[in-house]
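Each chain, written out:
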Amino acid sequence: MHTLMGRFTLALSAAVLQPVVLASSAVEGQEAPASPAASSTPSETIFIRGEHVITRPGTVIDDAQVLVRNGRIVAVGKDLPMPEGAREVSGTWICAGFIDPWAAIGIAPESLGEAGGTPATRSTDSVDPYNFDHLRRDALRAGVTTARVQIGAGARVGGIGTIVRLAPTTKREDMVVLPDSNVWMTIGLSQGNQMSFDAQGDFAGFGSRAMDPFERLESVDRLLQMIQAGKNYLVQKNEYKHELEAWQKTIAEKEAELEKDAKKAKKDREKAEKDATEKGKKFEEKKYKEDKKPTPPRFDEDNEVLARVADGGLPLIVHANRVAEIRALLSGSESMGRLRWILAGGAESTFFSRQLAERRIPVLVMPVPMGRNRPDEYESHDLSLAARLKKDGVQVLLGSGGLDPAATRDLPLLAGLAIGAGLDRQAAFDALTLGAARALDVGDRIGSLEAGKDADVLVLDGEPLVSTTRVRFVVAGGRVVVTPEN
Amino acid sequence: MVIVAMALCAPLLAPFSPSNTPAVAAPVLGVPTSVAAPLDAGSVAIRADAIWLGDGRVVEKGTLLLSDGRIADVGTNVSVPSGTQVIELKGTITAGLIALHGYSGAPNEMVDGTRPSMPESKLRFAFDPSHYDFEDARKSGITTIVLTPPAEGVAPGITAVVKTAGGTMLSDAAHLSLVFTADGLVSNRKPTSIAGAMAMMEEMFAQPRGSVALAAEGKLPCLFETTTKPDIQRAIDFAGRHKLTGAIHGAALAGELAESIHDAKLSVIVPVIEIGKERRALVSVAELAKKDVRFGFGLDSPWNHPSELRLGAAMCVREGLDSAKAWSALTSDAARIAGVDARVGRIDRGLDADVVLWSGNPLDLGSRIVAVYVDGVRVVGGDR
C-alpha cells in the first residue's frame, strides 16, 4: 500500500550526513575519464545483425549491421563484412541502450538522502560499482544501460549529478560516463521525518509533510540568489582576469621605460633623496598606481560550480511541481539568459507550456502511477503529462524518479504508460535515448548508434518500448552483458 | 480517435425509445450524473481487428454485438440488426478488467480498530457508487472491483463486488475476510500475536454462527489475508481443517508455495505490483500459472493507481508469465475468484456488456483505451 511516499520517506530517513567533499578538481569540470570504455574492457569484436536498425530516433535502416570493437561502435550500415573472429549476435530490432536521466541506481543509497549538500557536493563520490549489482543486472536485462544519479535527491540543494554506466565493472572510473552532468535543486518537496501536529496543535508524530507556500517561494528566491551569486562570482573572476592582464601590461611598460631611462631615473631619485634630507624631511618614495596588484576574488568551491551553471556550462535541474513555484522560477530566471535548466517533475507545468517551449526548457517527467496516497506536490500528477507537454512543443524526458534504485529496470514500461496516455512512441524513444543524452551533454558519447560512440546496443525481438518486446542481447561497455540465457 | 461511427447509424438512438431499450439490465443505485445521462444501453455493434474472449480464444476480424446491456453475440458471422449503430475499431476488444482487492468508493472503511473480529460487517454498506475513485478505475479499463475490508484484527468483514459505473452490485457477500498476517495486529488490542489470532479464529469456527457458519459449510468463500509464506502455510492448514474455500491475498511470494496452494484448491490474489517490485516476486507469479493455481490481481485502490493493475501484469509477463494467463488473471479468472463469472470476466453471449476497446494489444502498456462500456453504456471514450 505504500506508494512513492513510502519510498520517499524511506530514502530520506536513511539519510546520513556526509562530509562535504572538497571538490577543487570538480570545479574545473571536464575531468571526464579519457576513454573509459576503451581503457579496461576486453577488446572483443562484436558483429550485430538486425532486421531493423534504429541508428537514431526516427532513422531506421533495414537489414543492417553494427560493428563494435574496443568498446566503441566502429561502423553501422548495410552489407558490412563480418570480421574474422567477431562474436555475432542478431535480432529483429537493434537500437541504442536506454538512458534513465532520473535514477537512483549505482549510487550508495544513503547518499540519496543527503540533506547537507552544497552545489559542489559530487554524486560521483558516492558511485558504487560493488553493491546492488542484481539491480543493475535487472536494469540491463530491461535495456537500460546508462543512468544519471543524484546525491541529495530530496534536498533543496543536492549537488552535482553523475552519469553512470550500468554494465558490470569493478572499477568506479569505468562506471562513470560523465562525473558532472548537472547541478540538482528541489523546490517545495514534501519532507520526510518532519514533526506533524494535529488541529489542536498537539504533536501527532513524524512523517512526510508538505512545505508551506511561503517556504516554497522563499526556496525559489534562494535558488535564484544562488545562481545570481554564481553569476557575480563569474563577473568578479572575469574582472580580475582583465585587471590582472591590464596590470601586467602596465608593469611591463613601466619596466621597459625604467630600463630605458635608468640613469636619469637614478639621478632624479638621488636628488629627491638629497633634497628631502636637506630640508629635514622624510624621503618618500613615489608610489605608482601600477604597484597595486589586483587581488583575486576569494576562492569559493560552490560559487565555482554556480558560476558554471550561470554561464550555461552545467545544466541546472530543478525538481518542482506546483504552478506557483514553476511560475516564480520562470520569471526569476528570465534575465539569466545563459542559464540552461531542466524542470524535473513538473506535475503542473502544462500551464507554462508555451514559455517552456519558447525558452527550450525540457521537462523531465516521471510517469509513475500514483494512488491517492501521493505527496502533496504531486496532487495533479497524471500519466498524460508527457503527452500534453509534447503536444505543446515542450521537449520531454522520462525518468524513473530518482529514489528507488529498482525502478530503473521498469523505465521502458513507464515509457509505455506514457505512450498509453497519449505520448507519441517515437517521442518516448527519443526521450530514453538521444534526447536524454543531449540534454545531459553526453550526446556525443551515447544515445544513438553511430561510428565513434560508446557501444551501448540493444538487440530486441520486437519494436522498442512495446511492453511485450523482449530484450535478447545487451552490449554495454563493449561487452555482451545480457544474452537470452542469462 | 480510432472510433469511426459508420454508416447504418440509426436516426439518433433515443435514450428510451421502446424499440431499442426495453430495460436496463442491472439495478441502478444512485447513479453519478456524469455517467448517467443518457443511460442508453441500446444496441451497438463493434467490429474489431481482434476480440479476446477471455478464455484464451481470440476472434480475429470479429464483431461484437451489445444489446440491452448484455452481450448479444460475438464472432465472425454476427448478424447485425438493421438500424444498429456500428463502430469500427482498429484494435482489440476485451472484457473489462477486474481488480480483486480494493477500497475504492468505500473511503471510510480503511480502519475500524475497535474490535478484532467483525465477521458480519459488510462492505456493501460502505459502497458509494458516485465516488470519484471509480472514474479513475474506469479510465484504466477496470469495470469491476472487489471491495475488501482492511486486513486488520481477525475477521474484519465481508467483501462486496461492485461495478465501476452505474452503481451495480454484482455480489453483496463474496468472501469472509480472515486475517493471517501479523500486519493486522496492534499492540493495544487483543490479539497481539499470531498465535493469539489463530486461537481466536479457531474459537470462532468451533461454534460457527452467521457468516462464519456459511464459510464453514462451504457456502461462502474466504479471503485469506497474508503477507509472508508462513502466513500462507497457516492459512492453508486452517482452510484444510475447516474445509474452507477461497483465495489467498497479500503474499508476494505465494508462487513459491504454488504446489501446496494448488493441492488445497485455493486461489491467489496477487498483491499490487508496484514499479521496482523485486524480480523474485514477479517470477513467483509466473510460477502460479505453471502450477495451475487460479489467480488474479489485487489493486488496493485508491491508494494505488488503477493503471498499476495492467502494469503489474505486464511486469510479470516480462519475467515469464504466459500472456494468455496474464490476461485471464485480469478478467475471467478474476471473475471466478470473485464469484461473479456468470456475469462478467469474459466475452460471451448473455454476459454483461462490460467491455474495453483498446487501440492495440492490451498487454502493451502503450495501447490506449479507446472506449469502455459498462452494462452496454459507454462510460469512457468517444463523445458520450
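This one's a predicted model, so the numbers in the text were calculated from it and none came from an experiment.

K.L.:
Just to check I follow, could you spell out the overall build of chain B for this structure?
P.N.:
Looking only at helices and strands, one finds 10 helices and 18 strands in chain B. Of all 384 residues assigned to chain B, the portion counted as buried reaches 57%. Considering only intrachain contacts with a sequence separation of at least 6, the fraction spanning at least 24 residues in chain B is 70%.

K.L.:
It is not clear to me how the overall build of chain A should be interpreted in this structure. Could you clarify?
P.N.:
Counting secondary structure elements, chain A contains 15 helices and 17 strands. A buried classification covers 51% of the 486 residues belonging to chain A. Expressed as a percentage of contacts within chain A between residues at least 6 apart in sequence, the contacts between residues at least 24 apart total 74%.

K.L.:
Teacher, can you tell me more about the sheet that holds strand 14 (residues 396-398) of chain A here?
P.N.:
Each strand in a sheet pairs with its neighbour through backbone hydrogen bonds, running either in the same direction (parallel) or in the opposite one (antiparallel). Residues and elements named next belong to chain A. Strand order in the open sheet formed by eight strands is 5-6-7-8-11-12-13-14, and the pairing between neighbours is mixed. Each having just a single partner strand, strand 5 (98-103) and strand 14 make up the two edges of the open sheet. Each adjacent strand pair in this sheet contributes to an overall mean axis angle of 30°, direction not counted. Sheet topology places strand 12 (residues 341-345) next to strand 13 (residues 363-365); two bridges connect them, and they run parallel.

K.L.:
Whenever I open this one, the interface of chain A and chain B confuses me. Can you help?
P.N.:
Where the parts come together, the accessible area they lose is often given as the size of the interface. Residue-level contacts link 25 residues of chain A with 24 residues of chain B. Sort the elements by how many residues they give to the side of chain A that touches chain B and helix 13 (residues 411-420) of chain A lands first, with six residues. Per-class residue counts for the side of chain A that touches chain B are 13 nonpolar, seven polar and five charged.

K.L.:
Looking at this structure, how should I read the domain arrangement of chain A?
P.N.:
Residues and elements named next belong to chain A. Assigned domains within chain A: domain 1 (4-31 + 99-222 + 301-442) and domain 2 (38-97 + 447-486). Sorting the residues of the side of domain 1 that touches domain 2 by element identifies helix 5 (133-141), strand 6 (144-149), helix 13, helix 14 (425-432) and helix 15 (434-439) as the ones contributing at least two each. Considered class by class, the residues forming the side of domain 1 that touches domain 2 number 15 nonpolar, seven polar and seven charged.

K.L.:
Explain the domain arrangement of chain B here, please?
P.N.:
All names here are of chain B. Along its sequence, chain B is carved into domain 1 (4-95 + 347-380) and domain 2 (98-338). With 26 residues of domain 1 at the interface, the matching set in domain 2 holds 25 residues. Secondary structure elements with two or more residues in the side of domain 1 that touches domain 2: strand 5 (85-95), strand 17 (369-374) and strand 18 (377-380). Its residues assigned to classes, the side of domain 1 that touches domain 2 shows 19 nonpolar, four polar and three charged.

K.L.:
How should the confidence of the model for chain B be read in this particular structure?
P.N.:
Detailed conclusions should not be drawn from predicted coordinates in areas where pLDDT is low. All names here are of chain B. In the predicted model, chain B carries a mean pLDDT of 88, and 88% of its residues have values of at least 70. Taken together, the stretch residues 1-39 has pLDDT below 50 and engages in 70 contacts with residues farther than four places along the chain or on a different chain. Here the complex is predicted with pTM 0.87, and the ipTM for its interfaces comes to 0.87.

K.L.:
Whenever I open this one, the sheet that holds strand 17 (residues 479-482) of chain A confuses me. Can you help?
P.N.:
Residue and element names in this part refer to chain A. Ordered in space as 3-2-1-4-15-16-17, the seven strands form an open sheet in which the pairing is mixed. Lying at the two open borders of the sheet, with one neighbouring strand each, are strand 3 (72-77) and strand 17. Within the sheet, the average angular offset between the axes of one strand and its neighbour, ignoring direction, is 35°. Relative to strand 17, strand 16 (residues 471-476) runs antiparallel, the two sharing three bridges. What sits directly across from alanine 476, in strand 17, is arginine 479.

K.L.:
For this particular structure, what's the right way to read the packing of helix 7 (residues 213-260) of chain A against helix 9 (residues 301-310) of chain A?
P.N.:
The packing of two helices is summarised by the inter-axis angle and the distance between the axes. Residue and element names in this part refer to chain A. Between helix 7 and helix 9, the shortest axis-to-axis distance is 7 Å and the interhelical angle comes to 95°. The angle between the axes of helix 7 and helix 9 places the two elements in the roughly perpendicular class. Only Asn303, Leu306, Ala307, Val309 and Ala310 of helix 9 make contact with helix 7, whose side of the interface consists of Met226, Ile227, Ala229, Gly230, Lys231, Tyr233, Leu234 and Lys237. Its residues assigned to classes, the contact of helix 7 with helix 9 comprises nine nonpolar, two polar and two charged.

K.L.:
Honestly, the nonpolar core in this entry has me stumped. Any pointers?
P.N.:
A general feature of soluble globular proteins is that nonpolar side chains tend to end up buried together. In this structure, Leu398 and Ala418 of chain A are the most contacted members of the largest nonpolar core, which totals 253 residues. Each residue touching leucine 398 of chain A, except ones within four places of it in the same chain, is listed here: Val365, Pro367, Ala386, Leu411, Leu414, Ala415, Ala418, Ala428, Ala431 and Leu432 of chain A.

The rules behind the values
- Residues numbered from 1 in each chain as written.
- Chains lettered and ligands numbered in written order.
- Predicted model: local features only at pLDDT ≥ 70, side-chain atom pairs only at ≥ 80, totals over all residues.
- Helix = DSSP H or I, 4+ residues; strand = E, 2+ residues; numbered from the N terminus.
- Buried ≥ 20, exposed ≤ 12 C-beta atoms within 10 Å, placed from the backbone.
- Contact = placed C-beta atoms within 7 Å.
- Pairing = 2+ DSSP bridges.
- Axes fitted to C-alpha atoms, helices over the stretch in contact; angles between N-to-C directions.
- Nonpolar A, V, L, I, M, F, W, Y, C, P; charged D, E, K, R; others polar.
- Domains from an automatic or database assignment.
- pLDDT = per-residue confidence, 0-100.
- Parallel < 35°, antiparallel > 145°, perpendicular 65-115°, else oblique.
- Core = buried A, V, L, I, M, F, W, Y, C linked by C-beta atoms within 7 Å.

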